[in-house]
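Coordinates in review
Below are the chains, spelled out letter by letter.
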Amino acid sequence: MAKDNNVKIDIDFSAGAVTKRYRNKGNLALTTLKNEIIKDTDPYVPMRDGGLKKSVLSSTGTKKMQIVYRKVYAKFLYYGNLTYSYGGPEWFEKSKKKNLNKWIDIAKKLFK
């Protein structure tokens, strides 16, 4: 049985408000916000050959409110069980600490 070693990051804004506004604005707003989060988080993502960073791009075009790093080793890197010289564990939390207010402002503008 295969284990799920992907790292899934949920974007948790008020479900009722996002659902209503999401239906009205469509997928473009969600894709724009996801791209901004990925761009801001990129400097914190561990890198050896760039595979982990590239694996997240498949998340941008989906309607799911998740950003997924799709590599077998993603979970091990995220929780610090495996390390690379560039980036570090819990990269989303580090990026969120620095960028959350910016993301909220973007979401407010996109979902108006």
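This text follows the structure it describes.
If you're wondering where the values come from, they're calculated on a predicted model, not measured in any experiment.

Of all hydrophobic cores here, the largest spans 18 residues; its most connected members are Val7, Leu52, Ile67, Tyr69, Trp91 and Phe92. Within the residue set of this core, elements represented by two or more residues are strand E1 (7–10), helix H2 (27–41), strand E2 (66–69), helix H4 (74–78) and helix H5 (91–110). The dominant element in this core, judged by the number of residues it contributes, is H5, at four residues. Here Trp91 is in contact with Val7, Thr41, Tyr44, Val45, Pro46, Leu52, Tyr69, Ala74, Leu77 and Tyr78, once residues within four sequence places are set aside.

Summarising the element assignment, Leu52 is placed in helix H3 (residues 51–55). Residues Leu52 and Tyr69, 17 residues apart in the sequence, show an inter-C-alpha distance of 6.4 Å. Excluding residues that lie within four positions of it along the chain, Leu52 makes contacts with Val45, Pro46, Tyr69, Lys71, Tyr73, Ala74, Leu77 and Trp91.

About the thresholds
Residues numbered from 1 in each chain as written. Predicted model: local features only at pLDDT ≥ 70, side-chain atom pairs only at ≥ 80, totals over all residues. Heavy atoms only, no water. Core = buried A, V, L, I, M, F, W, Y, C linked by side-chain atoms within 4.5 Å. Buried < 20%, exposed > 50% of the residue type's maximum accessible area, 1.4 Å probe, protein only. Helix = DSSP H or I, 4+ residues; strand = E, 2+ residues; numbered from the N terminus. Contact = heavy atoms within 4.5 Å.

Interpretation note: all reported values are geometric properties and have no functional meaning in isolation.
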